[in-house]
Amino acid sequence: MQIAVYGKGGIGKSTMSANLSAALAACGSKVLQIGCDPKHDSTRLLHHGRKVVTILDYLLNTPEDEQKLDDVLMTGFLDTGCVEAGGPRPGMGCAGRGILTAFDFLNQFHAMEHYDQIVYDVLGDVVCGGFAVPVRRQYANAVFLVTSGESMAIYAANNILCGIKNLNPNGSQIAGIIYNSRGVGDESKRVEDFAQAVHLPILARIPRSSSFAQAEKEAMTLVEKDPDSTEAKIFLELAGKLLNQPRLYPAQPLSEEQMELFMRGDTPSQATAPVQEKKPAVVIPPTPAAPSGTKKRALSDPFSRVPLYGCAYRGAVDLAIHIKDAAVLGHAPKSCTWYAINGFSSYARRGLYERGILYPAFVPRQFENTDITVNDAVYGGIDHARQKALEMAARGIRNIIAVTACIPGLSGDDLVPLQKELKTLGVNMYIIHTDGIEAGDYNDGMALCYKTLALEAVDSDVTPEPDCINIVYEPTISSQTDKNFMDLQDMLEKMGIRINCRFLCAEFMENIRQFKKAPYSIMARYDELGHQLQNIFEEKYGCKFLDGELPRGFSETADWLRMVGRLYGKTAEAEQVIAEKQLQYRNQIDALKPLYKNKKVLFFLNNKIIDWIFELSRDLDWNVVDSILIGSKEDRTIDWRHQFSKDWDGNLESLKKSIAEKKPDLIILNHSIAQACIPADIFTANLSRDVGSGFFAGTECALRWSQLFENSLEGRWKHDKSIFEKLCR
Ligand code: SF4
C-alpha cells in the first residue's frame with residue numbers, strides 16, 4: 001500500500017508520517033518513507049538524525065553512471081527505508097520539478113518494489129504538478145490529510161482536496177483526516193465541522209503533548225521511544241486500520257464561497273450528516289504499475305556515442321516520424337517543434353537527401369502540436385493535449401506518438417489518463433515522455449522512443465510464420481541505410497525470405513505490431529542501445545536474433561547467408577545467391593586493382609570488427625606498407641582469419657614514425673583522433689564514417705577511395721575553371 005500524508009508546512013505532518021511509518025513497521029510491515037519536502041527532515045525521527053543526502057543534491061553532484069540507490073537510502077527504526085527528495089537551493093529552481101526528478105530516480109532503481117508500505121510525506125501548501133506527483137501519477141492508494149483547527153491548516157487541507165479532485169475527479173483516494181491538535185481555541189469543533197463539510201472521517205486525533213517534543217529531542221518517534229504511551233497507541237491503532245483496508249472517499253472540497261462561510265463560522269450548504277467510519281466498502285486497489293514514461297531515466301543509461309547534439313524531444317520526434325502511418329503529437333511550444341521539424345524538413349536537409357547523403361525522413365501525414373506556452377508551465381497544459389488528440393481521433397487517426405517537451409516536464413503534465421481515454425476510442429497513443437532535456441540529449445530521446453515502441457507497440461500474441469525476418473535498429477541518418485536495405489532485401493528475396501518489419505525505419509505500425517511474426521531478427525548495428533533493444537525483444541517477447549550485426553565484406557556476408565540458409569532450410573538457395581554475387585565481386589575486384597597500382601596503403605586500425613578490410617586488401621593485392629593495430633585483441637570477439645602479422649601495440653607515435661618512413665599514399669583508419677596526426681598531403685579514408693554492409697561493402701569503399709587519387713591536394717578544382725563551374729552550377 002502507498003500512503004500519501006499531505007498537510008500544511010509546520011503542521012506536524014513529518015512527525016505524523018514518521019510515527020505512522022514506525023507504527024506500520026512495528027506491525028510487521030516493511031516500510032519506506034519518502035520525504036517530499038525540500039527541507040528534507042521528514043525521516044529524521046526514523047534514522048535518528050543522521051546526515052541525509054537528498055536525492056536532488058545527489059543527482060546534482062554525482063555522474064549518472066556512478067549513481068546508486070544505496071547512496072541516498074538510509075535505514076532507520078525497524079529497518080524502515082528513509083529517503084529525502086530534497087529541493088533546489090532556496091530562492092532558486094522549482095521544488096515541484098525536483099519532486100518529479102526524485103521520483104524518476106526512485107523508479108529507475110525500482111526502489112518502491114522492495115517495500116510493503118510506502119509513506120509519502122508531502123508538503124501541502126503548494127499543490128503544483130510536482131508536489132501532486134504521489135497522487136497525480138497514482139502512486140498513492142490512500143491519502144491522509146493532516147490538519148489542526150488553525151485556519152491556514154484547514155485552508156491547506158481544502159486546497160489539497162481541490163488538487164485531488166482535479167486529478168482524480170471520479171475516484172476515491174482519501175482515507176481521512178489526521179487531526180493534530182495545536183491546542184488553540186475551539187479547534188476540535190472546527191476540525192470536526194470541516195471533516196463533516198468535506199465528508200471525510202477523522203481517523204486519528206493526536207492530542208497536544210510534550211511527549212512528541214521529548215522524543216524529537218532524541219531524534220526518535222514516540223512509537224519507538226515510548227510504544228506504550230497513549231500517543232504511540234493512537235499511531236499503532238491507525239496503522240492497524242490502514243492494514244485492514246480502510247474505506248476510501250472521493251475528494252469533495254469546499255468552494256471558495258463555502259470556505260469563506262466556513263471560516264466565518266457558518267455551516268456551508270454542502271455539509272450533511274457527519275461521516276461515520278464504516279466497515280471497509282472500497283478495497284484499496286493493488287498498486288498500479290508505474291505509468292509509462294515514469295521510468296524514462298532508467299531508459300537513458302549512458303553509453304558511448306557521439307556527444308550531445310539537440311535535446312531528447314528532438315531526438316524522439318526525429319525517430320517517431322519514421323513510422324509512416326502514425327501521427328506525431330508534439331506536446332510542446334511552437335518553438336521546440338519548429339526546431340524539431342526543421343531538423344528533418346529544412347531546405348538544407350532536403351538537399352542532402354536529394355544528393356543521397358541523408359536517408360529520407362518520412363514526414364508523417366499528420367504532425368500536430370499542442371502549442372503550449374509558458375503559462376502552461378504554471379497551469380499545466382494537459383487540456384491542450386487532450387483537445388488536439390481528440391481532434392486527431394475524430395479525423396480517423398488510429399496511432400499517435402506523443403512526445404513531450406520541457407514545459408510539460410516542468411508542469412508535470414501526465415498523458416497517461418489521456419492515453420487510456422483514447423484507448424476507449426480505438427486510438428493507440430504511445431507516450432514518449434522525454435520532457436525535453438529531462439530525458440537527456442538527442443540520442444537519449446531516440447533511445448526512449450525506440451524502447452517505448454519496443455515495449456508497447458508489439459503484439460505479444462502473434463505467432464511466428466516461416467520465411468520472414470526482421471531488421472532492427474537501422475541507422476536513420478546515413479547515406480548507406482537505404483542501399484543496405486535494398487541489398488539485403490534483394491539477397492533474402494532471392495532465397496524466398498521476406499522482411500517482416502524494419503524496426504524503426506520507414507515502417508508501418510501494423511508491421512511493428514506483427515514483429516513476432518518473424519522467427520528471427522537481425523540487428524543492423526550493435527552498440528549499447530542495440531544491445532538493450534535486443535534484450536527487450538528477447539526477454540519480453542521471446543524473439544530470436546541472429547548473432548552480431550549485418551555482415552560486411554564478401555566472406556563475412558557469404559558465411560552469414562549460409563547461416564540464414566541453414567536456419568530457414570534454404571541452403572541451396574543461399575549457395576546460389578553466393579555464387580551469383582561471387583562472380584560480380586570478382587569483376588569488381590578486377591576493375592579496381594589497376595586503380596591502386598603503385599599506391600602504398602597504411603592501416604591504422606583499432607579493434608573494431610575489421611576482417612572485411614583485410615580481406616579487401618588481400619583481394620586487391622594492395623601494397624600495405626604498414627598495419628598499425630591499436631587496442632587489445634582480446635577486447636572483442638573477432639574472426640581473425642585475415643590477420644596481418646602485427647601485434648596490437650600501435651599508438652599515435654608509431655603512426656607518425658611510420659608515415660615519415662613509409663610515405664603512404666592512402667591511410668585507412670577508424671580512429672578519429674589519429675586523423676589530426678596525418679599530414680595534409682596524404683589521403684585518408686576514415687572507417688568511422690558511413691560504411692555499408694553486404695558482399696560489396698569493401699569494393700564500394702575501394703571505389704570511393706580510389707577517387708581520392710584523382711584529386712589534387714593543392715585544390716586543382718580551384719584553378720580549373722571548367723571544374724569550378726561544373727561544381728557550382
Ligand atoms: S531543450 Fe526543451 S525548450 Fe529546448 S527545444 Fe528541446 S524541448 Fe524545447
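Residues numbered from 1 in each chain as written. Predicted model: local features only at pLDDT ≥ 70, side-chain atom pairs only at ≥ 80, totals over all residues. Heavy atoms only, no water.

A. Quick peek at the sheet that holds strand E13 (residues 468–472). In space, the four strands of this open sheet follow the order E14-E13-E15-E16, with parallel pairing throughout. In this open sheet, the two strands that pair with only one neighbour each are strand E14 (498–503) and strand E16 (545–549). The mean angle between the axes of side-by-side strands here comes to 20°, regardless of whether they run parallel or antiparallel. When E13 meets E14, the two strands line up parallel, connected through five bridges. Across the sheet, residue Ile-469 finds its bridge partner in E14, namely Ile-499. Across the sheet, helix H22 (residues 528–541) lies against E13, E14, strand E15 (520–523) and E16, angled at about 175° from E16, the strand it touches most. Strands E15 and E16 of the sheet are contacted by helix H23 (residues 554–567), whose axis makes an angle of about 175° with E16. (Pairing = 2+ DSSP bridges. Helix = DSSP H or I, 4+ residues; strand = E, 2+ residues; numbered from the N terminus. Axes fitted to C-alpha atoms, helices over the stretch in contact; angles between N-to-C directions. Contact = heavy atoms within 4.5 Å.)

B. Expanded view of helix H1 (residues 13–26). With 14 residues, H1 should reach 20 Å at 1.5 Å per residue; the first-to-last C-alpha distance of 19 Å fits that figure. Downstream of H1 by a residue or two, Gly-28 has a phi angle that is positive, lying close to 100°. (Expected span 1.5 Å × (residues − 1).)

C. Structural detail: the sheet that holds strand E17 (residues 600–606). Taken together, the four strands give an open sheet; going across it, the order is E18-E17-E19-E20, and neighbouring strands pair in parallel fashion. Because the sheet does not close on itself, it has two edges, and the strands there are strand E18 (623–630) and strand E20 (683–686). With direction set aside, neighbouring strand axes in the sheet form an average angle of 15°.

D. Spotlight on the environment of Thr-557. Looking at the secondary structure, you find Thr-557 in helix H23. C-alpha of Thr-557 to C-alpha of Ala-697: the two residues are 140 residues apart in sequence and 9.6 Å apart in space. Here Thr-557 is in contact with Met-491, Pro-551, Arg-552, Gly-694 and Phe-695, once residues within four sequence places are set aside.

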